[in-house]
Amino acid sequence: AQSVTQLGSHVSVSEGALVLLRCNYSSSVPPYLFWYVQYPNQGLQLLLKYTSAATLVKGINDFEAEFKKSETSFHLTKPSAHMSDAAEYFCAVSEPNYGQNFVFGPGTRLSVLP
Amino acid sequence: DGGITQSPKYLFRKEGQNVTLSCEQNLNHDAMYWYRQDPGQGLRLIYYSQIVNDFQKGDIAEGYSVSREKKESFPLTVTSAQKNPTAFYLCASRSGTSGMYEQYFGPGTRLTVT
């Protein structure tokens, strides 16, 4: 069965500092991986996804993530945090078969300090 | 613009009343999902549907019911049997038959039951 862990339920960074949000997964087959962002009282918005093409994936708002099979990780990074990046971030995993196979991690709340 | 709409944004009900949350999509997606989100928690799957006139229970289906009479619509009814219905409810849809497809989310409905 698939599962996703996100280390750190709350991460704080200073404005302009590097953002690093961690995601590790377990899956019996090579998965597809996704990062979503959620602003307060809103739905989730896709930041980026890995679908077995390039291991370094670039997304919106200068976010990127690198798929590392040996570490079963898909960490999200951004070189320079902006105040508008403060939100909840969710990592999700999906296996190739269709159906109820989209599993979300518990989320990481990012705070950006001035 | 294509997307998912959920209405209303905020909903208030008295305990013991059934309430139906609307979810409509014009993305021509086959699959639709309902999630529940509680403060500081991730997403928990309530029900999902891969095709019209068919749906499956998710992890927390007790006290909820759904229907899928049209491809575009997937309403969720929160019944009086749901012990703790106050939460943020998210609807999502997904295209294709491969796990590589992401879920698209609506803006959510915040339900408060007193």
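Here the structure is a predicted model, which means the values were calculated and not measured. Here the residue index of a chain counts from 1 through its sequence in written order. Here chains are named by letter from A upward and ligands by number from 1 upward, in the order in which they appear as written. Two thresholds apply to this predicted model, a pLDDT of at least 70 for residue-level local features and 80 or more for giving and counting side-chain atom pairs, whereas whole-chain, interface and lining totals are computed over all residues. Each side-chain value is derived from all of the structure's non-hydrogen atoms; neither hydrogens nor water enter the calculation.

The helix count covers DSSP runs of H or I at least four residues long, the strand count covers runs of E at least two residues long, and both are numbered beginning at the N terminus. Helix and strand content of chain A: zero helices and 12 strands. Counting from the amino terminus, helix and strand elements in chain A follow one another as β-β-β-β-β-β-β-β-β-β-β-β. We compute the radius of gyration over the C-alpha atoms and compare it with the globule rule, which gives 2.2 Å times the number of residues raised to the power 0.38. In terms of overall size, chain A behaves like a compact globule, its C-alpha atoms giving a radius of gyration of 14 Å where 114 residues would be expected to give roughly 13 Å. Taking the principal axes of its C-alpha atoms as reference, chain A extends roughly 45 × 30 × 20 Å. Here chain A, with 114 residues, has 46% of them falling under the buried criterion. Any two residues whose heavy atoms approach within 4.5 Å are treated as being in contact. Pairs at least 24 apart in sequence give 57% of the contacts found in chain A among residues at least 6 apart. Shrake-Rupley sampling with a 1.4 Å probe provides the accessible areas, and residues are treated as covered by the protein chains on show and by no other component. Carbon and sulfur atoms make up 52% of the accessible area of chain A, which totals about 5,300 Å². The buried label applies to any residue whose accessible area, calculated with a 1.4 Å probe on protein chains only, is under 20% of its type's maximum; exposed applies above 50%, and partly exposed to all values in between.

All names here are of chain B. By definition here, a salt bridge exists when the distance from a side-chain nitrogen of Lys or Arg to a carboxyl oxygen of Asp or Glu is within 4 Å. Considering all chains together, one arrives at seven salt bridges over all chains under this definition. Between D38 and R44 there is a salt bridge; the shortest N-O distance is 2.7 Å. Overall, R44 belongs to the partly exposed group, its relative accessible area being 32%.

A word on the interface of chain B and chain A. On the chain A side, the residues contacting the 28 residues of chain B number 24 residues. Counting the surface lost from both chain B and chain A, the interface buries some 2,000 Å², and carbon and sulfur atoms represent 53% of this. Of the charged contacts, one joins K49 of chain A and E102 of chain B as a salt bridge, the two residues approaching to 2.6 Å between their closest N and O atoms. Polar contact is defined as a pair of N or O atoms within 3.5 Å, subject to the rule that within protein one atom must be able to donate a hydrogen and the other to accept it, and that residues adjacent in sequence are counted only when both atoms are side-chain atoms. One can count seven residue pairs in polar contact (both at pLDDT 80 or more) joining chain B with chain A. Elements represented by at least two residues in the side of chain B that touches chain A include exactly β4 (31-37), β5 (43-51), β9 (87-94) and β10 (103-105) of chain B. Two parts placed together each lose some accessible area under a 1.4 Å probe, and adding up what both lose gives the buried area.

Bringing the nonpolar core into the picture now. Residues and elements named next belong to chain A. Nonpolar cores were defined as sets of buried Ala, Val, Leu, Ile, Met, Phe, Trp, Tyr and Cys residues, with membership established by side-chain atoms within 4.5 Å. Within the largest apolar cluster, 26 residues are counted, with the highest numbers of intra-cluster contacts made by W35, L48, F74, L76 and Y89. Counting residues per element, the ones that place at least two in this core are β2 (10-14), β3 (19-21), β5 (32-38), β6 (44-50), β8 (64-68), β9 (73-78), β10 (87-94) and β12 (108-113). When residues of this core are assigned to their parent elements, the largest contribution, four residues, is made by β10.

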